[in-house]
Amino acid sequence: MIDLEAHLRQRRAEGRKLFVPYVSGGLDAEWVDLVRAFADAGADAVEVGIPFSDPVMDGPTIQEASVRSLERGTTPHTVVAELRGVSDEIGVPLVVMTYYNIVFRAGHRRFARELAEASISGAILPDLPLEEAGPWVEAADEAGVASVLLAAPTAPDERLPRICERSRGFVYAVSLLGVTGERQSLATTAVGMAERLKAVTDRPVIIGIGISSADQAREACSVADGIVMASALMRLRLAGASVQEVAAAARKVREAIDG
Amino acid sequence: MALAPSSSVPVMGTPSDDGRFGRFGGRFVPETLVPACQELEAAFRDAWGDPTFRAEYDHLLRTYANRPSLLSECTRLSEQLGLRLILKREDLNHTGSHKINNVLGQALLAKRMGKTKLIAETGAGQHGVASATAAALMGLECVVYMGEVDMVRQSLNVFRMKLLGAEVRPAMSGSRTLKDAVNEAMRAWVSDIADTHYLLGSVMGPHPYPWMVREFHRVIGDEAREQCREMTGADPDVVVACVGGGSNAAGIFSGFAELPAVRLVGVEPAGGAAVGRGVPGVVHGMLSYLMQDEFGQVQEAESVSAGLDYPGVGPEHSHLADIGRAEYHPVNDDEVIDAFQLMARTEGIIPALECAHALAWISRERATMKGQTVLMNLSGRGDKDVAQVQSILDSRMS
């Protein structure tokens, strides 16, 4: 299994901005091909959604993707099983994004072990805040899986170092007050959020939620170490774009942040 | 599991610092919402300990909401059931249900916190109407999220909310009922947190909501206990209330939880029996019993009553069930429709379908309570349900 944080730190040390595109796991028959195509397009890690029935941090695009995926019979196990070995094959770490009840239901240790056995490097749980994260972070640490925590613009200054200390792999900077989904422009809070985090941590700081275009990605990377892009790419796929077409859009983002 | 040995620790007291009732509760929300929940907790602690706030709240309850609500003895129904049935008449409150207690408290608190806008979720529309009412009374903006299915089932309540100046936004995702309305309200709160208070309608959600909402409904139990002693000279043998999220039950239970001889019974719809059929899970900010599949996907509840159509339950109810202080039993939709008619014909009271659940259980289990005093929380009136029951009865006859 690729060590998520070591991998991202090394890429950053090479002077590279980090690009993390997102795929909704189980969305369609070709979703794993899209993971591979994102790696080819220059992703430094790929985020894979495990669909949940009640995704409170997601806007309409990821909600629709989750519904479609669940309707195909997707379960946490099918997503993890289909990802088995993929990270080793493509040489890019994989990070799952899901909601805490999926982990809680499976059991913290069992879920962490299943990820590790499939060479999945990390997990993001957007409804698990710092105060409740303890049992999961411990189980993930034990299994060698990076538990990525989120930091939001509403956090007072004293909270950010505690989040950064507990986070593993990278710190997920929430760019704005809101849920996932495309926006006309980069939120005014985005760069400030990255600045506040960079001031208190050496871990990679990656901005997500609302990063909607190559230009916005470049702007965010003026301070942040990288970006996550989800809804903008998934909207294309939901509208019928081929794997190659979605990967081409991802490649444009790669080129934009490489400047 | 044993009850706490010291009688000085109340059964329904303050949750732990991390918002737990036993092993349930907590604050499982996106990071964005954590500071808002902390701010709300601090504001509620401060306000609830402030005699000025308490006096203002009490004044509103008395002069606006029509408290104290009556206690009514059911003479004909008691005779028919072979027990002494007493009703706590929350249906006679302004807006027609217990929900007004909570919305007045939270709206007053929101104003004290300098918030200008309320958002709320609603199932049957009772909480939405109550929220719109409190917003109108206090000059606050109000947006209510309601499942698209429920908007059809309860179209009159949608119109009421609009009359009261609120905006009603449909929740179009998932089952398009209460669960999805909560999701939409939480998404809206994440997006618009600075000026907005999320006026959650039940004893659920992240800490401090389950505790705060129960405290705002505690007045039901406190009044009922004293009224019952005055009326009968004793405490009731059994206290019965319907449970969806569980706010009216929490309110009436809190007046009797410290009296071990009083049996507490929560009645759930068979299609939404979180305590009866659920396993512990996390959704909508809380760890509680939850109807879910083997993978942790939340299941859709199915009940004739939109207000109880919820797959989870407030965490304190999970705790009360765990320690054996309260029991939770299911009734099916047919039993509910029968009880609805029974109360109308025998007592001249049309109950909300929600509270008809409580009567359905009492009626079914009457033989086990022969001669006992049974206090039932009549948490809302049934005007909103008349059209729906009419169509159910019409289809039964055809």
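Every value quoted in this text rests on a predicted model; they were computed, and no experiment measured them.

For the rest of this paragraph, the subject is the sheet that holds strand β12 (residues 285–290) of chain B. Residue and element names in this part refer to chain B. Taken in spatial order, the four strands line up as β1-β2-β12-β11 in an open sheet, and their pairing is antiparallel. Since the sheet does not close on itself, it has two edges, and those belong to β1 (20–21) and β11 (279–283), each with one partner. Note: β11 against β12, five bridges, orientation antiparallel. Across the sheet, Val-279 pairs through a bridge with Leu-290, a residue of β12.

Attention shifts here to the sheet that holds strand β6 (residues 141–147) of chain B. All names here are of chain B. One open sheet accounts for four strands, arranged β7-β6-β5-β8; its pairing is parallel. Both outer strands of the open sheet, β7 (167–171) and β8 (196–198), are each paired with one neighbouring strand and no more. Averaged over all neighbouring strand pairs, the angle between strand axes comes to 25°, with direction disregarded. With three bridges connecting them, strand β5 (residues 117–122) and β8 associate as parallel partners. In the sheet register, Leu-118 faces β8, and the bridge partner there is His-197. Sitting on the sheet, helix α8 (residues 178–191) touches β5, β6, β7 and β8, and the angle it makes with β5 is about 160°.

Contact residues are listed per partner, giving 30 residues for chain A and 28 residues for chain B. Mapped by element, the contributors of at least two residues to the side of chain A that touches chain B are α6 (100–106) and β5 (146–151) of chain A. In terms of residue count, the dominant contributor to the side of chain A that touches chain B is α6 of chain A (six residues). Its residues placed into classes, the side of chain A that touches chain B shows 19 nonpolar, six polar and five charged.

Turning to helix α10 (residues 188–198) of chain A, a few remarks are in order. Of all the positions in α10 of chain A, only Ala-190, Met-193, Ala-194 and Leu-197 of chain A are classed as buried. Buried residues along α10 of chain A cover an arc of 95° about the axis, so they all sit on one side.

A separate point is the domain arrangement of chain B. Residues and elements named next belong to chain B. The domain boundaries assigned to chain B delineate domain 1 (20–61 + 99–209) and domain 2 (68–97 + 218–397). Using C-alpha coordinates to define each centre, domain 1 is positioned 22 Å away from domain 2. Counting from both sides, the interface comprises 35 residues of domain 1 and, opposite them, 36 residues of domain 2. Elements with a minimum of two residues in the side of domain 1 that touches domain 2: β2 (24–28), α4 (99–112), α5 (126–138), α6 (148–153), α7 (155–163) and α8. Element by element, the count of residues in the side of domain 1 that touches domain 2 is highest for β2, at five residues. Here the side of domain 1 that touches domain 2 is built from residues that sort into 15 nonpolar, 15 polar and five charged.

Cut-offs and rules
Position numbers for residues start from 1 in each chain and track the written sequence from start to end. For this description, chains carry letters from A and ligands carry numbers from 1, given in the order in which they are written. For a predicted model such as this one, the threshold for reporting local features is a pLDDT of at least 70, and the threshold for listing and counting side-chain atom pairs is 80 or more; totals across whole chains, interfaces and linings nevertheless cover every residue. Here, strands pair whenever DSSP counts at least two bridges between them. The helix and strand labels rest on DSSP assignments: H or I over at least four residues marks a helix, E over at least two residues marks a strand, and numbering proceeds from the N terminus. Here the axes come from fitting lines to C-alpha atoms, over the contacting stretch only for helices, and the angles between their N-to-C directions go from 0 to 180 degrees. Here, residues touch in the contact sense if the C-beta positions derived from the backbone fall within 7 Å of one another. Three residue categories are used. Nonpolar comprises Ala, Val, Leu, Ile, Met, Phe, Trp, Tyr, Cys and Pro, charged comprises Asp, Glu, Lys and Arg, and polar comprises the others, including Gly. To sort residues by exposure, count the other C-beta atoms lying within 10 Å of each residue's C-beta; 20 or more gives buried, 12 or fewer gives exposed, and values between give partly exposed, all with C-beta atoms placed from the backbone. This arc corresponds to the set of directions leading from the helix axis out to the C-beta atoms. Boundaries between domains were set according to an automatic or database domain assignment.

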